[in-house]
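Observations on chain architecture
Chain by chain, the residues:
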Amino acid sequence: APSLAEAHFRTIRQLTYGGENAEAYFSPDGDWLIFQSTRDGRTCDQQYVMRSDGSGLRRVSDGTGKTTCGYFIDGDRRIVYASTHAADTACPPRPDPSRGYVWRLDPFDLYTADSDGGNRRRLTSYGTYTAEGTLSPDGRTLVFTSLKDGDLELYVMNVDGSNVRQLTHTPGYDGGAFFSRDGRQIVYRAHH
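Let us look at the structure shown here. (Residues numbered from 1 in each chain as written. Predicted model: local features only at pLDDT ≥ 70, side-chain atom pairs only at ≥ 80, totals over all residues. Heavy atoms only, no water.)

Here we come to the nonpolar core. Within the largest apolar cluster, 16 residues are counted, with the highest numbers of intra-cluster contacts made by Val80, Leu110, Leu123, Ala131, Leu142 and Met157. For this core, the secondary structure elements donating two or more residues are strand 5 (67–73), strand 6 (78–83), strand 9 (130–135), strand 10 (141–146) and strand 11 (153–158). When residues of this core are assigned to their parent elements, the largest contribution, 3 residues, is made by strand 5. Once residues lying within four places of it in the same chain are set aside, the contact partners of Val80 are Cys69, Gly70, Tyr71, Ile73, Tyr111, Thr112, Leu123, Gly133 and Leu142. Counting 9 residues, the second-largest nonpolar core is a separate cluster that includes Trp32, Ile34, Val49 and Phe72. (Core = buried A, V, L, I, M, F, W, Y, C linked by side-chain atoms within 4.5 Å. Buried < 20%, exposed > 50% of the residue type's maximum accessible area, 1.4 Å probe, protein only. Helix = DSSP H or I, 4+ residues; strand = E, 2+ residues; numbered from the N terminus. Contact = heavy atoms within 4.5 Å.)

Spelled out as structure tokens, the structure:
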């Protein structure tokens, strides 16, 4: 009798071990992953890159504060991620998990860096939750979530941090945005 086994996940393999590992995204060519991790006994997430086969693992954030939401830009040559290190180099307090999963709105700002972590540049200086950045298909625009105007809204800006424009205006969370393949629309999460 023919097998009814799952055909698409036959070659699934684990790439990370130890710590909490999350939010992994591929580089455009599919050769690299960027992700956040508490590996090596860290209490705060830091950004790491590795080849999609698990080799070449290296930390690309500076090891201070808490980071989140890494993404490749400029092919696989640069990255964007959010970090709290400008507000405080120590880890922010962990949320109370007694009522389930909680994501703190820590004072993240957006940074770009070379894919090896060098040449880091701060894109935003809002001192409040600003994260969840992803890149448009043409490589010119970042969409991100920020609390900078008092509510969690979506914004776009040029990859150099200029020309910031608000996209959403409804009270409640708007975030986790990704561009459509043609770059003309975004898909995002909302809680209104």
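After that view, the rundown keeps rolling.
Each strand in a sheet pairs with another by means of backbone hydrogen bonds, the pair being arranged parallel or else antiparallel. One open sheet accounts for 4 strands, arranged 9-10-11-12; its pairing is antiparallel. The open sheet has two free edges, formed respectively by strand 9 and strand 12 (165–166), since each of these has just one partner strand. Pairing between strand 11 and strand 12: 2 bridges, direction antiparallel. The residue of strand 12 that forms the bridge with Val156 is Arg165. (Pairing = 2+ DSSP bridges.)

What is meant by a disulfide is a covalent connection between two cysteines, made through their sulfur atoms. In the structure shown here, the tally under the stated rule is 1 disulfide. A sulfur-sulfur separation of 2.2 Å characterises the disulfide bridge that pairs Cys44 with Cys91. Of this pair, Cys44 sits in the loop between strand 2 (32–37) and strand 3 (46–51) while Cys91 is found in the loop between strand 6 and strand 7 (109–114), placing the two residues 47 residues apart along the sequence. (Disulfide = S-S within 2.5 Å.)

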